[in-house]
Amino acid sequence: MPQRALPYLLLLPATLFLLVFFLYPFLQIAILAFSSPEGFTLKPFQTMTTHWKFGTTLWNTILLTAIIVPIQLVMALAMATIVTKLKTGRNAILYIFTIPLGLSDLAAGIIWLAIFEQSGFLNSVLVGLGIVERPVLFLGYQNLWVIFVAVILAEVWRATAIVMVILVSGMGLIPKEYYEAAEVFGAGPWKRFLKVTLPMLRPSLQTALILRTIAAFEVFAVVVALGGTTLPVLMGETFNWQFALNDRNVAAAYALVILAISIASTLFFLRVLRTPKGATI
Amino acid sequence: MAEIVIKDVAKSFGAFTALHSIDLTIADQEFMVLLGASGCGKTTLLRIIAGLETPSQGEVWIGGHRVDRLPPRERGIAMVFQNYAVFPHLTVFENIAFGLRMKKVPQPEIDRRVSRTAELMHIEQLLKRYSGQLSGGQRQRVAVARALTMEPDVILMDEPLSNLDALLRLEMRAELKGVLAASKTTTIYVTHDQVEAMSLADRISVMNGGRIVQAATPVEVYRNPAARFVGSFIGNPPMNFIPAMKVGEGKWQVAGLTLDGPKADQDRLEFAIRPEDVTVTPGGLKATARVVEPLGAHTLVTCDVNGAPFRAVLESDLRVAPGDDLSLAPKSDRVRWFDPETTMAV
């Protein structure tokens, strides 16, 4: 067998897998979103965009992402910096930080529901301390912002560690000499972070932000657990149209919207955090 | 004015003592080379002066200020690192300007100083490039320019030429010497390369096992080694050593030959001579040639003297073949004596 064919041959199973289980369903969804019994149509998109929930849904999803991802980024940077500086117990701390990653998002949502619901931990504590007379309904539609905060808390708690893990490994790749050079040439700890760590972490930041942002656009189970349909998000609406309203075409249209904003955000991070030619370590 | 005074500085890493009580004074504008084999503590000493390492004891003074508890940026130093540490995410211009930006020097001043040092190091045409687009030698120049542009009192260099190929090293060595002499800074330069040390230094501190064995001018270190180690470490090929027995007041027997020597109390000393300080003259040390290596200008002959190897650098027009018996007479003013107990010069 010619040597040159070998790499392609080895890649064949994975390529086939992706074609069959990714590209094919994707095409199906795309076709679904533009079809009706009469043939090609934009009707599913019209139904989607004219529905009163669409604007709120899109806004909620983007707002959640715009709040969650920056919080996670800042926290992960701080955590990763601390972890990298540790001399002993580094692995133990890493494992502890990453425990929430082992939970499914639904489980995470239920844990936070157990805290915030009317008979939950928070209410028990507040009643026990005499701060409130009877349990408060935190997660009702009158207090939409509480649901919002609860979702943000749950998401930050659940998925910050993945950003941290990527950043820790990225920080480990920065040679110590750069920090020493920066120190000698006048940079204090904060300046070293800004002038050495952040720019040299760019490839890791890019990966982490793309992964996290895409995942944030797909937020679903945590929102459902904490807010039901009170706080509609794109993924929840997709589910709704598919299974509750039985309109697969509109559901497909929603899926395409999620895909579009995911691609847009990926391109954004690729562009903003690109490394100039010749500027790699 | 930046005289550097090191008082009783020691450093331990756990149970390992890297430096034993170092005392050293480096004069203003002096070029001091710390020379030694790897693991002798020379880099540790440099890093303590830089502030990248804290001494376990002792004091470091730069220009009349005690600095051993100050961070590096408050010491008035600049440094060239072994692997250059040229920031990959910054252009050459920004690398050179890094320290000035940290000091919030105004932009016109930065432009002026960066372009001047870039010109000095012949890298004006590289200012817009990133380090990934530079060769090792060019990166080296950027690292030196970054240090020079700070106009520091002290420049510290940690094996700056060790990653360059031989030819480039030779070229950079001469250039560094010129540039640093013109910059009027005090320089401390760490190397394990004795030729580099000899050619650059005003003074060399030869280090061994965490101690400074001798701190003197290159010629002094070469001619009058303070200890056996210095004689054996400096010079290529190194000094020859032959055990000597006292046979009378100031008379020593060396491999069957009686020589005038120091009037010492010891019964035994070590006779030492540099390979180029012997001549083929009757009445000298009896030697049998073993290996003959013509080197062009000279011929290096490895012989047997008293059953031990002895190297002689002889005139190249002298015809010697392996197996020949030679009589090698040491030049009497070049003979040195060491105490085998203390290994120090007598």
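Residues numbered from 1 in each chain as written. Chains lettered and ligands numbered in written order. Predicted model: local features only at pLDDT ≥ 70, side-chain atom pairs only at ≥ 80, totals over all residues. Heavy atoms only, no water.

Asker: Help me understand the overall build of chain B in this model?
Answerer: Assigned secondary structure in chain B consists of 8 helices and 19 strands. Taking the principal axes of the C-alpha coordinates as reference, chain B spans close to 75 × 45 × 35 Å. Looking at chain B alone, contacts between residues at least 24 apart form 63% of all its contacts between residues at least 6 apart. One finds the centroid of the 39 positive side-chain charges in chain B at a distance of 4 Å from the centroid of its 41 negative side-chain charges. (Helix = DSSP H or I, 4+ residues; strand = E, 2+ residues; numbered from the N terminus. Contact = heavy atoms within 4.5 Å. Lys, Arg positive; Asp, Glu negative; His and termini not counted. Charge placed at Lys NZ, Arg CZ, Asp CG, Glu CD.)

Asker: Help me understand empty space enclosed by the protein, please; the structure alone is not making it clear to me.
Answerer: Rolled over the atoms, a probe sized like a water molecule indicates the empty space that remains. Residue and element names in this part refer to chain B. Under the counting rule described, the total for this entry stands at 1 cavity of 30 Å³ or more. If you trace the largest cavity, you find it lined by Y222, R223, M239, R274, D277, R334 and R336. Residue composition of the lining of the largest cavity, by class: 2 nonpolar, no polar and 5 charged. (1 Å grid on protein atoms, 1.4 Å probe; cavity = no way out; pocket = protein on both sides within 12 Å on 5 of 7 lines; lining within 4 Å. Points joined across faces, edges and corners; volume = space filled by probe spheres on them. Nonpolar A, V, L, I, M, F, W, Y, C, P; charged D, E, K, R; others polar.)

Asker: Can you walk me through the interface of chain B and chain A in this structure?
Answerer: Many structure descriptions define interface size as the accessible area lost when the parts assemble. Counting residues at the interface gives 26 residues for chain B, matched by 26 residues for chain A. Together, the buried faces of chain B and chain A total about 2200 Å²; carbon and sulfur atoms form 68% of this surface. It is B:R73, B:H89 and B:M102 in chain B that bury the most area against chain A; as a group they hold 28% of the surface buried on that side. At the junction of chain B and chain A, the tally comes to 1 salt bridge. In this structure, A:E180 and B:R47 form a salt bridge, with 2.6 Å as the shortest nitrogen-oxygen distance. If you look at where chain B meets chain A, you find 2 residue pairs in polar contact (both at pLDDT 80 or more). For the side of chain B that touches chain A, the secondary-structure elements that each account for two or more residues are β6 (77-80), α2 (92-102) and α4 (136-148) of chain B. Considered class by class, the residues forming the side of chain B that touches chain A number 16 nonpolar, 7 polar and 3 charged. (Buried area = accessible area lost by both parts, 1.4 Å probe. Salt bridge = Lys/Arg side-chain N within 4 Å of Asp/Glu carboxyl O. Polar contact = N/O pair within 3.5 Å; in protein donor to acceptor, adjacent residues only side chain to side chain.)

Asker: When you look at the pattern of salt bridges in this model, what are you seeing that I'm missing?
Answerer: Between side chains of opposite charge, pairing is possible as soon as their charged atoms come close. Residue and element names in this part refer to chain B. A full pass over the atoms with the stated rule returns 25 salt bridges over all chains. The closest approach of N and O atoms between E94 and R101, which form a salt bridge, is 2.8 Å. Overall, the relative accessible area of 30% leaves R101 in the partly exposed class. A cluster of three or more residues bridged by salt bridges with shared partners is formed by K7, E59, R66, D68 and R69. (Buried < 20%, exposed > 50% of the residue type's maximum accessible area, 1.4 Å probe, protein only.)

Asker: What's the story with helix α12 (residues 234-244) of chain A in this structure? I'm lost.
Answerer: It helps to recall that an α-helix has 3.6 residues per turn; residues three or four apart then point in one direction. The complete set of buried residues in α12(A) reads A:L234, A:G236, A:E237, A:T238, A:N240 and A:W241. On its buried side, α12(A) packs onto α2 (43-50), α3 (52-85) and α13 (248-272) of chain A.

Asker: I keep staring at the domain arrangement of chain B and nothing clicks. Help me out?
Answerer: Residues and elements named next belong to chain B. Per the domain assignment, the segments making up chain B are domain 1 (4-233) and domain 2 (240-338). Here the C-alpha centroids of domain 1 and domain 2 sit 39 Å apart. The interface is formed by 10 residues belonging to domain 1 together with 8 residues belonging to domain 2. A combined buried area of about 820 Å² lies between domain 1 and domain 2, and 43% of that area is made up of carbon and sulfur atoms. Broken down residue by residue, the surface that domain 1 buries against domain 2 is led by Y222, R223 and R228, which jointly contribute 68%. Across the domain 1-domain 2 interface, the total number found is 2 salt bridges. For R223, the salt bridge identified is with D277, shortest N-O distance 3.6 Å. The interface formed by domain 1 and domain 2 includes 5 residue pairs in polar contact (both at pLDDT 80 or more). The set of elements that each furnish at least two residues to the side of domain 1 that touches domain 2 consists of α7 (218-223) and α8 (228-233). (Domains from an automatic or database assignment.)

Asker: Where do I start with the pairing of strand β17 (residues 308-315) of chain B in this structure?
Answerer: On a regular strand, one side chain projects to one face of the sheet and the next to the other, so that they alternate. Residues and elements named next belong to chain B. Pairing analysis gives 8 bridges linking strand β16 (residues 298-305) to β17, with the strands arranged antiparallel. Bridging across to β17, L300 finds its partner in V313. The hairpin turn running from β16 into β17, its antiparallel successor, is 2 residues long, and N306 in that turn takes a positive phi close to 55 degrees. (Pairing = 2+ DSSP bridges.)

Asker: How do you make sense of the environment of B:R173 when you look at a structure like this?
Answerer: Residues and elements named next belong to chain B. In this fold, R173 is placed in helix α5 (residues 166-183). According to the relative accessible area criterion, R173 is buried, its value standing at 18%. Considered as a pair, R173 and V33 are 140 residues apart in the sequence and their alpha carbons are 13 Å apart. Non-local contacts of R173, meaning those with residues more than four positions away in its chain, are made with L161, V195, E196, S199 and L200. Side chain to side chain, R173 and S199 meet in a polar contact 3.0 Å long.

Asker: Sorry if this is basic, but what is going on with the packing of α12(A) against α13(A) here?
Answerer: In a pair of packed helices, the angle between the axes and the distance between the axes together describe the arrangement. Residue and element names in this part refer to chain A. In contact at an axis separation of 7 Å, α12 and α13 are set at 160 degrees when each is read in the N-to-C sense. The orientation of α12 with respect to α13, classified from their angle, is roughly antiparallel. The chirality of how α12 crosses α13 is left-handed. Where α12 abuts α13, its residues L234, M235, E237, T238, W241 and Q242 lie against R248, V250, A251, Y254, A255, V257, I258 and I261. When grouped by side-chain class, the residues that make up the contact of α12 with α13 number 10 nonpolar, 2 polar and 2 charged. (Axes fitted to C-alpha atoms, helices over the stretch in contact; angles between N-to-C directions. Parallel < 35°, antiparallel > 145°, perpendicular 65-115°, else oblique. Left-handed = near helix turned anticlockwise from the far one by under 90°.)

Asker: Explain the pairing of β6(B) here, please?
Answerer: Residues and elements named next belong to chain B. The alternating pattern of β6 places I77 and M79 and A78 and V80 on opposite faces, both of which are buried. Bridge count for β6 against strand β7 (residues 154-158) is 4 bridges, and the pairing is parallel. Pairing of A78 across the sheet is with I155, part of β7.

Asker: Honestly, the sheet that holds strand β15 (residues 278-294) of chain B in this entry has me stumped. Any pointers?
Answerer: Residue and element names in this part refer to chain B. Spatial strand order, β17-β16-β15-β18: 4 strands in an open sheet with antiparallel pairing. The strands lining the two open edges of the sheet, one partner per strand, are β17 and β18 (325-330). With direction set aside, neighbouring strand axes in the sheet form an average angle of 55 degrees. Bridge count between β15 and β18: 7 bridges; the pairing is antiparallel. From the neighbouring strand, K286 faces β18, where its bridge partner is S327.

Asker: What should I look at first to understand the layout of surface pockets in this one?
Answerer: Residue and element names in this part refer to chain A. Roughly 630 Å³ of volume is contained in the largest pocket. Looking at the lining of the largest pocket, the elements with two or more residues in it are α3, α7 (144-172), α8 (176-184) and α9 (189-200). In terms of residue count, the dominant contributor to the lining of the largest pocket is α9 (5 residues). Looking at the lining of the largest pocket residue by residue, the class counts come to 8 nonpolar, 4 polar and 4 charged. If you add up the space inside the second largest pocket, you get close to 350 Å³. Lining the second largest pocket are 13 residues, and of these F26, I29, A252, A255 and L256 lie nearest its centre. Secondary structure elements with two or more residues in the lining of the second largest pocket: α1 (6-33), α12 and α13.

Asker: I'm lost on the packing of α2(A) against α13(A) in this one. Help?
Answerer: All names here are of chain A. The contact between α2 and α13 brings their axes to 8 Å, and the two run at 75 degrees. If you check the angle between α2 and α13, you find them roughly perpendicular. Of the residues in α13, those touching α2 at P44, F45, T47 and M48 are N249, V250, A253, Y254, L256 and V257. In terms of residue class, the contact of α2 with α13 is made up of 8 nonpolar, 2 polar and no charged.

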